[in-house]
Amino acid sequence: MADSGESTHPDSTRLPTMASFEEFSRQATLMNSCTRLWKELCDHYASLEQDLIAKSESLRSKIQSLDDHTERSLKLLEKREGTIEGSVQIAVSSAEESTKAAIKVFEGGEEEAVEEVDDDEGLLLKLKSFCVRMDHEGFWRFVTVRKKELDVLRAKIPIALGNCVDPPRFVLESISEVFPVDKRGKSERVNDLGWACVLILESLIPVVVDPVIGKERLLVTPRVRERANEIAETWKNSLEERGGIENVKTPDVHTFLQHLVTFGIVRKDDVSLYRKLVVGSAWRKQMPKLAVSLGLGDEMSDMIEELISRGQQVDAVHFTHEVGLVDKFPTVPLLKAFLKDAKKAAAAITEDPNNTGRSAYLATRKEQSALKAVIKCIEEYKLEAQFPAENLKKRLEQLEKTKTDKKRPAAAPANKRTRASNNGPMPPAKAGRLTNAYVSSFPAPPPFVRSPSHMQYPAGVAPYAYDRPAAPAIYGSRSPPYVYSPEAVPSPLPAGSYPGAPINYPVYGALYGAPSYGQPYY
């Protein structure tokens, strides 16, 4: 019976084994899932730990930086507080000396006026005379007519302003004719005087800098600082009348920004306005330094990217070198991109059908300007090893030569037809082919004016010998030159001045039927 039972169920021993294997597989899958989840959790927590450590280090570094900054600020405040008395004493002494000098001038005890300016020293004396007498109108007129002497003025004006009783007030009054609002007539506004405003404002900085602690403190009285703030607000309020920020002239923008820096009245609330003004006038040489002085250092990276997007790579190069972002914005790729854009622009100008007459000239000038700007950058920032300028200079010379050849007029063939009487040039040969044609080889004559140097012939001398053969048709196409006979020519008169009326030559039209012209004066 046992044998028959075992033979009846041959797979009965295999069923538990199969179930156990399936259970084992299920357990193994579960263990793999748990292991994977555990690893992911471990990695996640390890990443969180690394982030926490990095943030902790960053916070620790910032706290240390703030502590250092606070310590430096406290030391600076202590130094400023300790030097106030000395700085004020120096300023008061300087003001007293300037006041005494001015009193002497007004009382006639000392002559400061200089009539003529022949050299740099004379110019300095003249500037000092205006400053001592606080004659801001004379000072302004004297400076504005000497733009060609800009370098000398830049060196002498700071020295002269040191003789003013109140240099900041003197400067504000000097530039008040054109800043913040131009008070000149419309005819006088043709001459831009923004350069003079910027020059005078820049020259004031070394005068008002604290002699003890330097640029950290400007010696400007509260009353003058308040007036400078009012002037700045007036200029900002006039932006709408000028057509908005986009339409303001660059010299006006430069004057406004320099005014803020000179008097130390930069406001954090106006940083966005300063940024727009700086980017709009970025091609000015002083703009990178002004941007830093205006507190735009944190936004300089975005400003450089904006300049690059506008195609102002050269301006971006100046900004990068000013704030030390050369690693982030390499100079050589920027200059090469600028040259590439300039070539594309020149090609577009050449292909413009609306300007075919001057397209070649404008395209050449565009490429020349780009080459000059890039060469100047290479020389200024010592980039010859990274970007050799020899090929650029050769290309520039080639463009200059092409431009010169186009300007050079074609050589005209020599006119061999000459007058037989006085070897003068004959009129063009085809002039006489037209009926009643009159072609003169001389320019249009002015009204007759008798020269005092002409001799006066005696009344007995005939004005002209008309008993000669008929006048030649010298203006005809084939008429031979007329040769006067020696007998018909009157004998030469002796030198000297003779009384009598001057020779009155007949009008050309009266003889030959041509239009009459006044007698020329040679």
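**So, the overall build of the protein**
Part 1: Looking only at helices and strands, the protein has 17 helices and 2 strands in total.
Part 2: Scored against the burial criterion, the 522 residues of the protein give a buried share of 30%.
Part 3: For the protein, the proportion of contacts with a sequence separation of at least 24, taken over those separated by at least 6, is 67%.
Part 4: Taken as a whole, the protein presents about 34,800 Å² of accessible surface, with 55% of it coming from carbon and sulfur.

**Points about helix α7 (residues 194-208)**
Part 1: In this model, α7 (15 residues) spans 21 Å end to end at C-alpha, consistent with the 21 Å of a helix rising 1.5 Å per residue.
Part 2: Counting buried positions along α7 yields 11 of 15 residues, so the element is predominantly enclosed.
Part 3: If you check which residues of α7 are buried, you get Gly194, Trp195, Ala196, Cys197, Val198, Leu199, Ile200, Leu201, Ser203, Leu204 and Val208.
Part 4: Residues of α7 that are buried in the fold lie against α4 (136-144), α5 (150-161), α6 (167-174), β1 (209-210), β2 (214-218) and α9 (250-263).

**Considerations on unusual backbone geometry**
Part 1: Residue Phe179 is joined to Pro180 through a cis peptide bond whose omega torsion reads 10°.
Part 2: When you line up the elements, Pro180 lands in the loop between α6 and α7.
Part 3: Positive phi outside glycine occurs at Met134, with the angle close to 55°.
Part 4: The topology assignment puts Met134 in the loop between α3 (120-132) and α4.

**Let's talk about the nonpolar core**
Part 1: Phe139, Leu257 and Phe319 are the most contacted members of the largest nonpolar core, which has 87 residues in total.
Part 2: The biggest single contributor to this core is α7, with 8 residues.
Part 3: With residues up to four places along the chain from it excluded, the contact list for Phe319 reads Val278, Ala282, Met287, Pro288, Ala291, Met300, Met303, Ile304 and Leu307.

**Let's talk about helix α15 (residues 359-380)**
Part 1: Helix length check: α15 (22 residues) gives 32 Å between terminal C-alpha atoms against 32 Å at 1.5 Å per residue, within 8%.
Part 2: Considered for burial, the residues of α15 that qualify are Ser359, Leu362, Ala363, Thr364, Glu367, Gln368, Ala370, Leu371, Val374, Ile375, Cys377 and Ile378.
Part 3: Directly beyond the C-terminal end of α15, a positive phi value near 55° is found at Lys382.

**Comments concerning the pattern of salt bridges**
Part 1: Within this structure, the stated rule accounts for 21 salt bridges.
Part 2: Linking Asp151 and Arg154 is a salt bridge whose minimum nitrogen-to-oxygen distance equals 3.6 Å. Within this pair, Asp151 and its partner Arg154 are both found in helix α5, separated by 3 residues, close to a single helical turn.
Part 3: Judged by its relative accessible area of 38%, Arg154 falls in the partly exposed class.
Part 4: Each of Glu233, Lys236, Arg267 and Asp270 takes part in salt bridges that share partners, so that together they form one network.

**Observations concerning the packing of aromatic side chains**
The description of two aromatic rings rests on the distance between their centres and on the angle between their planes.
Part 1: Under the counting rule described, the total for this entry stands at 3 aromatic pairs.
Part 2: Centroid distance Phe139 to Phe170: 5.1 Å. Interplanar angle 65°. Geometry classified as edge-to-face. Note that Phe139 is positioned in helix α4 and Phe170 in helix α6, a separation of 31 residues in sequence. Of the two residues examined, Phe139 and Phe170, each falls in the buried class.
Part 3: The ring of Phe142 is capped by Arg146, whose NZ or CZ atom sits 3.8 Å from the centre of that ring.

**Describing the packing of α6 against helix α8 (residues 222-237)**
Part 1: For the pair α6 and α8, the least separation of the axes is 10 Å and the interaxial angle reads 25°. Put simply, α6 runs roughly parallel to α8. Where α6 crosses over α8, the handedness of that crossing is left-handed. Residues Pro168, Arg169, Leu172 and Glu173 of α6 touch α8, and the partners they reach there are Val224, Arg227, Ala228 and Ile231.

The rules we used
Residues numbered from 1 in each chain as written. Predicted model: local features only at pLDDT ≥ 70, side-chain atom pairs only at ≥ 80, totals over all residues. Heavy atoms only, no water. Helix = DSSP H or I, 4+ residues; strand = E, 2+ residues; numbered from the N terminus. Buried < 20%, exposed > 50% of the residue type's maximum accessible area, 1.4 Å probe, protein only. Contact = heavy atoms within 4.5 Å. Areas by Shrake-Rupley, 256 points an atom, 1.4 Å probe, with all protein chains shown as cover. Expected span 1.5 Å × (residues − 1). Core = buried A, V, L, I, M, F, W, Y, C linked by side-chain atoms within 4.5 Å. Salt bridge = Lys/Arg side-chain N within 4 Å of Asp/Glu carboxyl O. Phe/Tyr/Trp six-rings, centres within 6.5 Å; stacked < 30°, edge-to-face > 60°. Lys NZ or Arg CZ within 6 Å of the ring centre and 35° of its normal. Axes fitted to C-alpha atoms, helices over the stretch in contact; angles between N-to-C directions. Parallel < 35°, antiparallel > 145°, perpendicular 65-115°, else oblique. Left-handed = near helix turned anticlockwise from the far one by under 90°.

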